[in-house]
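Chain residues, written in single-letter form:
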Amino acid sequence: MSERQGAAVVIIGGGVTGLSAGWWLARAGVDVLVLERGIVGWEASGRNGGGATHVYSPFGLEEQRLWPQMDELLGYPTEYQPYRIGVALTEPQLALARRWAEIGAMRGFRWEALDRRQLKELVPIVGDSAIGGTYLHFGGHANPQRTVQAYAWALQDHGGRILQHTTVTGLTVRGGRVTAVETTRGTFGADTVVVAAGPQTGLFADMLGVSLPLAPARVEMIATEPIPLMRCGGVAGNGLYGRQTLRGNLVYGGGPHEWINVPDMAAPDHPNTPLVRNLARRLAELFPGAAHVRLIRAWGGVVENTPDGLPVIDRLASPDNVILATMSSVGFGLSPAAGRGVSELVLHGRCQFADLSALSLGRFAETPPDWRERAGWVSAGTPVAGAAAGDGGGD
Amino acid sequence: MRREADPRSIAGKAPRPERHVAIVVVGGGAAGVAAAVEAAGAGVEVLLVDENPVDNDMMAMDVPLYFGQRMQPSVRNRALMLARVVESNPALTGAYEAGVDVQLGTCVWGAFVNGPTMQQLDAPMLGLADERRSWLVGYDRLIVATGARDVVLGFPGWERAGVMGANALFSLLTRYRALAARRVVVLGSGSLGLRTATRALEHGVDVAAIVEVAPRVRGDAQRARALEARGVPILTSHTVRDARGPVGEVESLVVVRVDDAAKPVAGSERELACDTVCLAVGLTPSVELLALAGARLRFDSALGGWVPALDEAVRTSVATVFAAGDCAGFHDGMLANPELARRQGRLAGLAAAESLGALGRREAALQRATLDGPPPTEPPGEVHGHWQAWLGSLIHAGGWEVNVCQCEEVTRRELVETRPPRYLTWQSPQMSARSLDTLLRDGPINQDQIKRLTRAGMGPCQSRRCREQVALLLARATGTPVDRIPLPTFRPPIRPLPLSVLWPGDEPPAMRGDWVSWFGIPTQFSPHWEAGMAIDEPTAHGRLILSDE
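Caption draft 1: Region of interest: the overall build of chain A. For chain A, the helix and strand inventory stands at 10 helices and 17 strands. Computed over the C-alpha atoms, the radius of gyration of chain A is 21 Å, within 12% of the 21 Å expected from 2.2 N^0.38 for a compact globule of 395 residues. Along the first, second and third principal axes, the C-alpha atoms of chain A reach 65 × 45 × 40 Å. A burial count over chain A gives 71% of its 395 residues as buried. Partitioning the contacts of chain A with sequence separation of at least 6, the portion at a separation of at least 24 is 75%.

Structure, rendered in structure tokens:
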């Protein structure tokens, strides 16, 4: 294939991390090109719980700072809504909810404990089974589908380019640098390459002789018909994550994941299992007042995890113009900050607003090749050709 | 070294079916019953499920058919409706007598099969439900005979009670004997429209008119003349301007003559008194279960749109799944001659039984030879051009401020301008600059993407009332052939079911004990500034770690 118009920065993967990074770069006037195998945000980036409450992360403070501004910065709606409520049905659940709140408090955020009466006032569909909860005056949630599209459009508005339906097939390395990205629609020259390809990020690392331990897994979610809007839609608990959307749908996930085998570059299917029933049960337990509400859809997605569940956001030593960016299954909420962090790695060689040393690839230098076996993170089936995965994190 | 499997993963606790059956047939119409009887005759265990009588609340949501609130209160009497479903379909009794396990009032809301990203199921299985509970049934072979749905096209006032589909009207009229309509206007003069009008008259329902956008009657001329002889005007070259009446009801339908360009002719409006407007423009195969079962679908306009790819034994691309009857492809010939569906059903039953080894090859071939070939019929023609003609005339007569999606209240204009939903009250210059045209620059049109942006098709009717009109409108607005617009995905549950019905009563202890909201990796959510501290969700295996460990 012929050489096509490359870019200063070529980003592999049109998921939420790659799009955010591309948007930050385009905003800074950088010539950026995003290559996406399918449609932007089509995998886990656009199908997740929409949570934006990750203050534990090195990106956490920036996440909290940026979300309230995102609609304005992007010029498109993200449906961001502030605050979170944690509902507990058991003492261990209450301890967990409080723990989340206390981590926020350590970062200077405010929260308060809710008793059953206060909880019922705020969340009328909880029942007598709720023993208490937390109200976080921080965190929030947004609409993943709308947000990924907003990043993509805003990136274009700043002069960046996105090529959809373009699968990357190889990386051209010359003189210790990646000089071009090879795709099904030609070869694109690049000064810097960002790999934000979700579960496939490891395959690109492999191409460069770098080991990035990633285990893909399938997870699923359910959505109900709309019900009247609650004062705060960011309500979760009972082993579920999720939110009430601004339309009124209850959208929740949780429960067993399925470790699957290494994806190739093809788009995955997104099956559900009968686990949708178990999810329905937990949702009805969490919200007995909504037990009569109808489930109208469910979906599944593929996400990736590193051995410690933390992101890898790092610039490779060699080739030294490549940045790896996987959010280890928790990418959506952190995307405003993570994308900014990646853009700074591109522009300045380091992230100026956060210490990313905990997210370096070097921490896995001693990880044995059979780490998945050791962790029990293995698929039941034999490796299957055609198994593939998404472009970003779930949350 | 391999340790135990991740206890928070699905390994070892994948949901199991409460029952396993050799052959499950879904749909108790002509094709489904024939398939079930044929397979049972070969000595195979067969379960036949049919969702009739449909739960009254679901009917009110226009699921599975476009009932348009034209049910009499008697549909609330399930025992009575069950009796009528059996009475109106004597073949069901025949199936029961042939040894088929017949379960009525039972819908299928999901099909779950292993694939590249799902490997934990013991067997392919279906999710079933009645009005009280849901359960899982494993199968060796699945025969899908789920019929067809009405193609729905909107006009001003189509949200009113009394606007309904022809298949739903047939169902209420003949299956339930519970149609609450006195005087109906039928839209469409093809076989479907003429038949609807004829049936309505036979059952004592007045037919105010048949309205047809084409310049000529599309169906059988003799049948049309018979209807005219009974006083039913057939208004060709006409379309609908709007449905009128007091709040939420239909009292009349205003129709208008159209010119060669499908545009309304000024001054030609006429108001037809009616309480019901029946869309009989076309039917499209109900393929959602086939899609979930993994069958490859292809577009064939002559068969009503997206249909399963089938071999001569009516086997789909999935070796264990067969399709028969209207869901395998609908055309006017199917309507005229139920033998076609019956024959497909018998073929499916034979093929499924043979594939299980219940019939030898020779025996199966002999049986097949007893099936008459399909009677000669006119080769079916494409239908989407005609549907587009209807849509074009409705746009000319009714404008762009008409809902294309009722559940989510998305208008035609909002769809083609890819507006975010009104409740967001979002405005920005950037958003205003985006449209179908700008999307087209980035790639081919994709109905699922438009759905996410506008919400058209995301409501409780699960896009049964808007799927086709959204596709037709997108095709029209972008100049894309409708077959090039990818079929939007179907997701389980394909019937909107209450959480309390889906709720499994049989959850194993491990499911409960090891349930976590995300992966349960203790370091995943640990505060980065406190090295070594982990936070773990409470499970039977894990514990909440509150301090440094």
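From this point, the discussion proceeds with the structure in view.
Caption draft 2: How the structure looks around the overall build of chain B. A tally of helices and strands in chain B yields 19 helices and 22 strands. Its C-alpha atoms give chain B a radius of gyration of 26 Å, within 12% of the compact-globule value 24 Å for 549 residues. Principal-axis analysis of the C-alpha atoms gives chain B an extent of 85 × 70 × 45 Å. For chain B, long-range pairs separated by at least 24 residues make up 64% of all intrachain contacts whose partners lie at least 6 apart in sequence. Accessible area for chain B stands at about 20,900 Å²; split by element, carbon and sulfur atoms hold 49% of it.

Caption draft 3: Region of interest: the environment of Arg 362 of chain B. Tracing the backbone through its elements, the reader meets Arg 362 of chain B in helix 11 (residues 361-370). Between the alpha carbons of Arg 362 of chain B and Leu 80 of chain B there is a distance of 45 Å; along the sequence they are 282 residues apart.

Caption draft 4: Quick peek at the packing of helix 3 (residues 78-87) of chain B against helix 4 (residues 90-97) of chain B. Residue and element names in this part refer to chain B. Running from N to C, helix 3 and helix 4 point in directions that differ by 85°, and their axes come no closer than 5 Å. Overall, the two elements helix 3 and helix 4 adopt an arrangement that is roughly perpendicular. Residues Val 85, Val 86 and Glu 87 of helix 3 touch helix 4, and the partners they reach there are Pro 90, Leu 92 and Thr 93. Grouping the constituent residues of the contact of helix 3 with helix 4 by class yields 4 nonpolar, 1 polar and 1 charged.

Caption draft 5: Spatial organisation of the pairing of strand 5 (residues 125-129) of chain B. Residues and elements named next belong to chain B. Most of strand 5 sits out of view: 5 of its 5 residues are buried. In strand 5, alternate side chains face the same way, and those of Met 125, Gly 127 and Ala 129 on one face and Leu 126 and Leu 128 on the other are all buried. Note that strand 4 (residues 107-112) and strand 5 share 5 bridges and pair antiparallel. Looking across to strand 5, one finds that Cys 107 is bridged to Ala 129. Two strands pair when backbone bridges link them, and strand 5 and strand 6 (residues 134-144) are joined in this way by 5 bridges, in the antiparallel orientation. Bridge assignment links Gly 127 to a residue of strand 6, and that residue is Leu 136.

Caption draft 6: Spatial organisation of the packing of helix 10 (residues 339-355) of chain B against helix 11 of chain B. Residue and element names in this part refer to chain B. Helix 11 packs onto helix 10 with a crossing angle of 175° between their chain directions and a minimal axis gap of 10 Å. If you check the angle between helix 10 and helix 11, you find them roughly antiparallel. Between helix 10, through Arg 346, Leu 347, Leu 350, Ala 351 and Glu 354, and helix 11, the contact on the second element is made entirely by Arg 361, Ala 364, Gln 367, Arg 368 and Thr 370.

Caption draft 7: Highlighting the sheet that holds strand 11 (residues 235-237) of chain A. All names here are of chain A. On the basis of which strands lie adjacent, the open sheet formed by 4 strands has the order 4-5-3-11 and mixed pairing. Of all strands in the sheet, those bounded by a partner on one side alone are strand 4 (111-114) and strand 11. In this sheet, adjacent strand axes meet at a mean angle of 30° when their direction is disregarded. As judged from the 3 bridges shared by strand 3 (residues 81-88) and strand 11, these two strands associate in the parallel manner. Bridge pairing in strand 11 places Gly 86 opposite Ala 236. Those strands touched by helix 4 (residues 91-106) are strand 3, strand 4 and strand 5 (132-141), and its axis lies near 40° from that of strand 5.

Caption draft 8: How the structure looks around the nonpolar core. Among the nonpolar cores identified, the biggest contains 131 residues, and Phe 59 and Ile 313 of chain A together with Phe 155, Leu 187, Leu 253 and Leu 415 of chain B are the most heavily contacted of them. For Phe 59 of chain A, the contacting residues outside a window of four places in its chain are Ile 313, Met 327, Leu 334, Ala 337, Ala 338, Gly 341, Phe 353, Leu 356 and Leu 359 of chain A. Core analysis: the second largest hydrophobic core is formed by 125 residues, Val 293 of chain A together with Ala 39, Val 85 and Leu 283 of chain B among them.

Caption draft 9: Expanded view of the pattern of salt bridges. All names here are of chain B. Counted according to the given criterion, the structure contains 48 salt bridges over all chains. With a shortest N-O distance of 2.2 Å, Arg 241 and Glu 269 are connected by a salt bridge. Of this pair, Arg 241 sits in strand 12 (residues 238-244) while Glu 269 sits in the loop between strand 13 (252-257) and strand 14 (270-273), and the two are 28 residues apart along the sequence. According to the relative accessible area criterion, Arg 241 is partly exposed, its value standing at 24%. Note that Arg 413 is salt-bridged to Glu 417, the shortest N-O span being 3.9 Å. A relative accessible area of 32% places Arg 413 in the partly exposed class. Judged by its relative accessible area of 30%, Glu 417 falls in the partly exposed class.

Caption draft 10: Looking closely at the sheet that holds strand 12 of chain B. All names here are of chain B. Here 3 strands make up an open sheet; going across it, the order is 12-13-14 and the pairing antiparallel. In the strand order of this sheet, the two ends are held by strand 12 and strand 14, each with one partner. Neighbour to neighbour, the strand axes of the sheet diverge by 30° on average, direction disregarded. As judged from the 6 bridges shared by strand 12 and strand 13, these two strands associate in the antiparallel manner. Within strand 13, the residue paired with Asp 242 across the bridge is Val 254. Seen against the sheet, helix 12 (residues 384-398) touches strand 12 and strand 13 and runs at an angle of roughly 50° to strand 12.

Caption draft 11: Structural view of unusual backbone geometry. In the segment running from Ser 318 of chain A into Pro 319 of chain A, the intervening peptide bond is cis, with an omega of -10°. Relative to the helices and strands, Pro 319 of chain A resides in the loop between strand 16 (312-315) and strand 17 (322-326). Looking along the chain, the bond that leaves Asn 52 of chain B and enters Pro 53 of chain B is cis, with omega of 0°. Topologically, Pro 53 of chain B is positioned in the loop between strand 2 (46-50) and helix 2 (56-60). One non-glycine residue, Asn 238 of chain A, lies in positive phi territory at about 55°.

Caption draft 12: Up close: helix 1 (residues 30-41) of chain B. Residue and element names in this part refer to chain B. The end-to-end C-alpha separation of helix 1 is 16 Å, in line with the 16 Å expected for 12 residues at 1.5 Å each. Burial analysis of helix 1 places 9 of its 12 residues in the buried class, the great majority of the element. Of all the residues in helix 1, the buried ones are Ala 31, Gly 32, Val 33, Ala 34, Ala 35, Ala 36, Glu 38, Ala 39 and Ala 40. In this structure, the buried residues of helix 1 make contact with strand 1 (19-26), strand 2, helix 4, strand 6, helix 10 and helix 11. Positive phi appears at Gly 43, one or two residues downstream of helix 1, with a value of about 90°.

Caption draft 13: Fine view of the confidence of the model for chain A. Per-residue confidence for chain A averages 93 on the pLDDT scale, and 95% of its residues sit at or above 70. Note on residues 382-395 of chain A: pLDDT under 50 across the span, and 79 contacts to partners over four residues away in sequence or across chains.

Caption draft 14: Seen up close, the environment of Gln 406 of chain B. Residue and element names in this part refer to chain B. As for its position among the elements, Gln 406 is in the loop between strand 20 (403-405) and strand 21 (410-411). In this structure, the C-alpha to C-alpha distance between Gln 406 and Cys 466, residues 60 residues apart in sequence, is 7.8 Å. With residues near it in sequence (within four places) discarded, Gln 406 still touches Tyr 66, Trp 158, Glu 159 and Arg 465. Within the local environment of Gln 406, its side chain forms a polar contact with the side chain of Arg 465, the two groups lying 3.4 Å apart.

Caption draft 15: View of the packing of aromatic side chains. Residues and elements named next belong to chain A. Evaluated as defined, the whole model comprises 19 aromatic pairs over all chains. A centroid spacing of 4.8 Å and a plane angle of 55° characterise the contact between Trp 23 and Trp 24, whose relative ring orientation is tilted. On the basis of relative accessibility, which here comes to 0%, the residue Trp 23 falls in the buried class. In this structure Trp 24 comes out as buried when scored by relative accessible area, which is 9%.

Definitions and limits used
- Residues numbered from 1 in each chain as written.
- Chains lettered and ligands numbered in written order.
- Predicted model: local features only at pLDDT ≥ 70, side-chain atom pairs only at ≥ 80, totals over all residues.
- Heavy atoms only, no water.
- Helix = DSSP H or I, 4+ residues; strand = E, 2+ residues; numbered from the N terminus.
- Rg over C-alpha atoms; globule rule 2.2 N^0.38 Å.
- Buried < 20%, exposed > 50% of the residue type's maximum accessible area, 1.4 Å probe, protein only.
- Contact = heavy atoms within 4.5 Å.
- Areas by Shrake-Rupley, 256 points an atom, 1.4 Å probe, with all protein chains shown as cover.
- Axes fitted to C-alpha atoms, helices over the stretch in contact; angles between N-to-C directions.
- Parallel < 35°, antiparallel > 145°, perpendicular 65-115°, else oblique.
- Nonpolar A, V, L, I, M, F, W, Y, C, P; charged D, E, K, R; others polar.
- Pairing = 2+ DSSP bridges.
- Core = buried A, V, L, I, M, F, W, Y, C linked by side-chain atoms within 4.5 Å.
- Salt bridge = Lys/Arg side-chain N within 4 Å of Asp/Glu carboxyl O.
- Expected span 1.5 Å × (residues − 1).
- pLDDT = per-residue confidence, 0-100.
- Polar contact = N/O pair within 3.5 Å; in protein donor to acceptor, adjacent residues only side chain to side chain.
- Phe/Tyr/Trp six-rings, centres within 6.5 Å; stacked < 30°, edge-to-face > 60°.

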